[in-house]
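Summary of structural features
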Amino acid sequence: MARKLRHRRHRPLPARLFSAAVTCAAMAYLLAIVGLPVGTLFYEAFAEGWDAFVAALRDENTQHALWLTVKVCAIVVPINTLFGLAAAWVLARQRFVGHGALAAFVNLPMALAPTIAGLLIVLVYSPTLGLLAGPVEASGWQIVFAPPAMVIATLLVTLPLVALELLPTLEQLEVAEEQAAITLGANAWQTFFRVILPAVRWSLVYGIVLCTAKAAGEFGAVSAVSGKTIGETMTLTLHVEQAYTDYETVKAYASSTVLTLLSVGTLILHLILPSQHRSAPATNE
């Protein structure tokens, strides 16, 4: 450590100047690309005062969009959490014919444009042109241009997030711990809850947070399947677009701050959780 400190103190002046120049350039770039837009967003949201900001959030359409977003997240996140746990465990622990294909399908939504994902939902569930048009029409359910299609589209675009966060942790987890638990008489559920889950808990928490942020902020896929009916099929992201189009700028900026704060919270957790994960024991004693 002392040798490294001495090396840093005696770095040549050109090297120090170059390092400082690169740092300043990176900070200026981040300020221009991220800092100024975010700062402008909050400035515009409060430009007409706190009362106008609160009134924009209390608007009936804003409240409906917020609660619809919460409902979509409340359905999507638990489902993809369970899927992520199962998929990550299978990919990390099992080897079978089609293993590579399963991994590719889990990763496919990451490479799929959200708008295309929404169009795929329409092509499957449309009551007139969809692949399942017959069963959908016979059921009497309205899926496309209604909340069910919005949930399905959000499920699709957020499907791999929890699994991809869990997979590296499970691959690093020693199989010997699970085998030891089984040898001591633990069944599959006891092994999962006492050995696997404690070891992956911080990766699971961050995967859930990331899935929630993505589900709340999804625009392209939801826009393609929602129909954008005000007061019925408008999530918060669609509400922001509609309000901005209608020149209701305070309402648009106020709603945007909610989504921005969710993103900032996700970033903070991303910085905090890895350090806790490194210091956390792999299993409960």
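Structure shown above.
Model, not experiment: these values are computed from the prediction. Residue positions within a chain follow its written sequence, with the count starting from 1. Selection of residues for local features in this predicted model requires a pLDDT of at least 70, selection of side-chain atom pairs for listing and counting requires 80 or more, and totals for whole chains, interfaces and linings are taken over all residues. Hydrogens and water are ignored here; the side-chain numbers use all heavy atoms of the structure.

When the charged atoms of two side chains with opposite charge come close together, those side chains can pair. When a carboxyl oxygen of Asp or Glu lies within 4 Å of a side-chain nitrogen of Lys or Arg, that pair is called a salt bridge. With the rule as written, the count across this model stands at four salt bridges. Residue Asp59 is joined to Lys251 by a salt bridge in which the shortest nitrogen-to-oxygen separation is 3.4 Å. Here the residue Asp59 occupies a position in the loop between helix H3 (50-58) and helix H4 (60-93), and Lys251 occupies one in helix H14 (residues 249-279), the gap between them amounting to 192 residues. The closest approach of N and O atoms between Lys228 and Glu241, which form a salt bridge, is 3.2 Å. A residue pair is termed long-range when its members are at least 10 positions apart, and Lys228 in the loop between helix H12 (220-226) and helix H13 (236-245) and Glu241 in helix H13 qualify at 13 residues. For Lys228, a relative accessible area of 30% gives the class partly exposed. One continuous salt-bridge network, built from bridges that share partners, spans Asp59, Glu248 and Lys251. Only DSSP runs of H or I reaching four residues or more are called helices, and only runs of E reaching two or more are called strands; each is numbered from the N terminus. Classification of residues uses two cut-offs on accessible area relative to the type maximum, computed with a 1.4 Å probe and protein chains only: under 20% is buried, over 50% is exposed, and between them is partly exposed.

With respect to the helices and strands, Arg93 occurs in helix H4. It is 39 Å that separates the C-alpha atoms of Arg93 and Ala146, two residues lying 53 residues apart in sequence. Note on definitions: a residue-residue contact is assigned when non-hydrogen atoms from the two residues lie within 4.5 Å. Excluding residues that lie within four positions of it along the chain, Arg93 makes contacts with Leu170, Leu173, Glu174, Val175 and Glu178. Side-chain atoms alone can form a polar contact between residues adjacent in sequence; in general such a contact is a pair of N or O atoms within 3.5 Å, and within protein one must be able to donate a hydrogen while the other accepts it. Within the structure, Arg93 has its side chain in polar contact with the backbone oxygen of Leu170 (distance 3.0 Å).

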